[in-house]
Amino acid sequence: MKNLLFSLSFLLLAAEGFSQEYIPYYASIVEQCSQTNITNNLTAYENLGLKRRGTASLQNTLNWLKNKYLGFGYTAAQIQEDSYTYVGSSSVCKNLIVTKIGTVYPDTFIIVCGHYDSIGGTGTNDNGSGLASILETARLLRNIPTEYSIKFINFSGEEDGLYGSSHYVSDIVNGTTPKMDIRLVINIDEVGGVAGLVNDTLTCERDQNNNPSTNNAESSQMTDELINCVGLYTTLNTHLSYAYASDYMSFQSNNEVITGLFEKNETTHKHTNTDLLIHMDPVYNYKVAKALIGATMHFAVAATSALGNADFENSNQVSFYPSPAKDTLNINLGNIKDTKYTFTLVDMQGKEVFKKQVDNAQLIESVPLQGLPKGMYLAVLQTTDKRITKKIIVE
C-alpha cells in the first residue's frame, strides 16, 4: 500500500475533443453489481486475519480467492498460481492469476490487479476493498465476450515492497516469448472510504514518472477514459492524481501503460490492527466496484448487447486462433472443465487431416499446421460430453 506522501492532485478536466458514449448494455451489467457481495466479501476477508508472508492466513486468503473464482464459473485451467521467494525471506508467496481470453485480440491483455496481503492488521480497506471490487468485476464479466483478453491478478508481497508484481513482470510478462502484450494495467488499491465522511469522490491515477516517461502520454489518455467511465456509470465525482507506491509501478518501470483507482478520503487506519470494516464505507466501495466494472468493459471492448452472449456461452468460450492461421493454431479451452480432449481438423471434403489427443490440457494449447494445404477447415474439440466445432482458415 502507499505510504502517506505529499500528493499533487488536479481537478478533473475532460480531454479536449474526447468523448465516450454511454452504452446502455454496459450500464445494465454495472447495475448487477451487488452491495451484499461487496459487504460479505469484505467481512470474509477481514475474518481471515493478518495476511503476511509465511502466515497460514496468507495461504487461506489465496484459497478463499481461488474458491471465489471457481464459484463464479472460472475453471482450473483459467486459474494460475505463480509462486516466488525473495531475498531476505524463505517463505514461498503466491500470486493468483485468472485469465479470460478475448475474441478478437486474444494475445493482448487488460490487467485488472490488486494485492491481497496485509501488514499490521487484517487490511480490510488496504486492500480487501480492492479485492472486493475485482471479484465483482470478474463475476459479472465471466460470460460476456470481450475483444481483448483480461487477466484478473491478485498479488502478494505488495506490502513488503511490490515483490509479487515485480516477480510477475520479470518472470512472466518478460519471460513470455514474445513478451506479453499488455494494453493497460488497472490497479485498485484502498478504495473503501472513511466511515462518517462524505465519500463521493474517486481518485484516478495516471503515470507521471520520468523513468521511463515514454508511457506517460498514453497513460494520461487511458486515465481520461477511466475518468469518463466513472462519470458514465456511477454517481461518483473524480479527482485526478498520479500513480505511486503500488503494484502498477512494477509494470510502469517495464514501460507498460498504467492507471489506477484510489480513495479520495484516505483512511488513517491502514497498516494497523484497526484497518477494519467498521472504519470504512462499504457503499462507497460498492460504487467503486461499479466504476471498475464499467471501465473494464470499456477497455476490454465488451459486447455492446446481449445478442452475442448466448453463442459465446453455448460454445463454452472455446476459440481457435489466429484465423487465418499459418504455422500454428492455438486452442483456447474456454470454460470447459474437462482437461482431456481430442482435437481434429477436417477439410471441406469431410476428410480428417489432423488429430491430436490432449491430456492435462492448459488453458491455451498449440498445434502445428505445417504441411496442411491452404483452405478452410472444420476445427473440432471433443471432450467426454461436449463437442465444439468452428471453421478456421489456413493460409
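Residues numbered from 1 in each chain as written. Predicted model: local features only at pLDDT ≥ 70, side-chain atom pairs only at ≥ 80, totals over all residues. Heavy atoms only, no water.

Of all residues in the protein, 95% have pLDDT values of 70 or greater, and the mean over the chain is 94. In this model, residues 3-18 is a region of pLDDT below 50 whose contacts with residues beyond four sequence positions or in other chains number 23 contacts. (pLDDT = per-residue confidence, 0-100. Contact = heavy atoms within 4.5 Å.)

Moving on to a nonpolar patch on the surface. Together, Met348, Met376 and Ile393 line one region of the surface with nonpolar side chains, adding up to about 250 Å² of accessible area. Tracing the backbone through its elements, the reader meets Ile393 in strand 16 (residues 387-394). When its relative accessible area of 34% is taken as the criterion, Ile393 is described as partly exposed. (Patch = residues over 30% accessible without salt bridge, like charges linked within 9 Å, V, L, I, M, F, W, Y side chains within 5 Å. Areas by Shrake-Rupley, 256 points an atom, 1.4 Å probe, with all protein chains shown as cover. Salt bridge = Lys/Arg side-chain N within 4 Å of Asp/Glu carboxyl O. Helix = DSSP H or I, 4+ residues; strand = E, 2+ residues; numbered from the N terminus. Buried < 20%, exposed > 50% of the residue type's maximum accessible area, 1.4 Å probe, protein only.)

So, on to helix 2 (residues 35-47). Between the first and last C-alpha of helix 2 there are 18 Å, a value that for 13 residues agrees with the 18 Å anticipated at 1.5 Å per step. Buried within helix 2 we find Ile38, Asn41, Leu42 and Tyr45. Taken down its axis, helix 2 places every buried residue within 100° of arc, on the same side. Those residues of helix 2 that are buried lie in contact with helix 3 (56-72), helix 4 (124-141) and helix 8 (282-300). Put simply, Ser34 is the residue that caps the front of helix 2, since its side-chain oxygen is 3.2 Å from the backbone nitrogen of Thr36. Of the residues one or two after helix 2, Gly49 is the one with positive phi, at around 85°. (Expected span 1.5 Å × (residues − 1). Arc of directions from axis to C-beta. Polar contact = N/O pair within 3.5 Å; in protein donor to acceptor, adjacent residues only side chain to side chain.)

Before going further, it helps to spend a moment on the packing of aromatic side chains. This structure, assessed with the given rule, holds 14 aromatic pairs. Seen from their ring centres, Tyr105 and Tyr148 are 4.6 Å apart, and the 25° between their planes marks the pair as stacked. Taken together, the positions of Tyr105 in strand 4 (residues 105-115) and Tyr148 in strand 5 (residues 148-155) put the pair 43 residues apart, joining distant regions of the chain. A residue is classified by how much of its surface remains accessible, and Tyr148, at 14% relative accessible area, is buried. Grouped by ring-pair contacts, the aromatic residues Tyr22, Tyr26 and Tyr233 constitute a single cluster. Note that Lys51 overlies the ring of Tyr45, its terminal NZ or CZ placed 3.8 Å from the centroid. Directly above the aromatic system of Tyr148 lies the positively charged group of Arg183, at a separation of 4.6 Å from the ring centroid. (Phe/Tyr/Trp six-rings, centres within 6.5 Å; stacked < 30°, edge-to-face > 60°. Lys NZ or Arg CZ within 6 Å of the ring centre and 35° of its normal.)

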